[in-house]
Amino acid sequence: FGLAATNLVYLFYHIVEEANGVVFEIQTGDGDGKFVLTYEQVAVWTFGSILHSLTDLGIWHLTACACCMPGACCGCCGWLRTLGRFATIAVCGSIVALGITALIM
């Protein structure tokens, strides 16, 4: 999902060029080289990293959450462990399909 969102942000800044501006610029050396940080780079790094982290945590909780293990706080809901595996496959398949669609666009 992070890849799909990152691609959409990247496409937005290339379609709407006036939305992209310079956050700051640093001159290096004799003035020949410079480092430019743009709004596009900040948005891509921020959204990409946040969404990637949230997706990883969500998938981990679907597959490895110990709450539904026998003897745990929700041990009576042991059937959720089986459902979590199938939900993980469905979520990951959807994320891959969305990422491929965003990449092809």
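Residues numbered from 1 in each chain as written. Predicted model: local features only at pLDDT ≥ 70, side-chain atom pairs only at ≥ 80, totals over all residues. Heavy atoms only, no water.

**Some points on the confidence of the model for the chain**
Then, in step 1: Confidence along the chain averages 78 in pLDDT terms, with 90% of residues attaining 70 or more.
Then, in step 2: Looking across the chain, the model is least confident in helix 1 (residues 2-15), with a mean pLDDT of 73, and most confident in strand 1 (residues 22-28), with 84. (pLDDT = per-residue confidence, 0-100. Helix = DSSP H or I, 4+ residues; strand = E, 2+ residues; numbered from the N terminus.)

**With respect to the packing of aromatic side chains**
Centre distance and the angle of the planes are the two values used to describe a pair of aromatic rings.
Then, in step 1: Throughout the structure, instances matching the rule amount to 1 aromatic pair.
Then, in step 2: Each ring, one from Phe24 and one from Phe35, has its centre 6.3 Å from the other, and the planes form 55°; the classification is tilted. Here the residue Phe24 occupies a position in strand 1, and Phe35 occupies one in strand 2 (residues 33-38), the gap between them amounting to 11 residues.
Then, in step 3: On the basis of relative accessible area, Phe24 is assigned to the partly exposed category, the value being 37%. (Phe/Tyr/Trp six-rings, centres within 6.5 Å; stacked < 30°, edge-to-face > 60°. Buried < 20%, exposed > 50% of the residue type's maximum accessible area, 1.4 Å probe, protein only.)

**Quick word on the side chain of Thr88**
Then, in step 1: Position of Thr88 relative to the elements: it lies in helix 3 (residues 79-104).
Then, in step 2: Judged by relative accessible area, which is 10%, Thr88 ranks as buried.

**Re helix 3**
Then, in step 1: Taking 1.5 Å of rise per residue, 26 residues should cover 38 Å, and helix 3 covers 38 Å from first to last C-alpha, within 8% of that figure.
Then, in step 2: Taken together, the buried positions of helix 3 are occupied by Gly84, Thr88, Ile95, Gly99 and Ala102. (Expected span 1.5 Å × (residues − 1).)

**Looking at the packing of helix 2 (residues 39-64) against helix 3**
Then, in step 1: At a minimum axis distance of 8 Å, the contact between helix 2 and helix 3 shows a crossing angle of 155°. Classed by the angle they form, the pair helix 2 and helix 3 counts as roughly antiparallel. Residues Thr55, Ile59, Leu62 and Thr63 of helix 2 form the contact with helix 3, whose participating residues are Gly84, Ala87, Thr88, Val91, Cys92 and Ile95.
Then, in step 2: By residue class, the composition of the contact of helix 2 with helix 3 is 6 nonpolar, 4 polar and no charged. (Axes fitted to C-alpha atoms, helices over the stretch in contact; angles between N-to-C directions. Parallel < 35°, antiparallel > 145°, perpendicular 65-115°, else oblique. Contact = heavy atoms within 4.5 Å. Nonpolar A, V, L, I, M, F, W, Y, C, P; charged D, E, K, R; others polar.)

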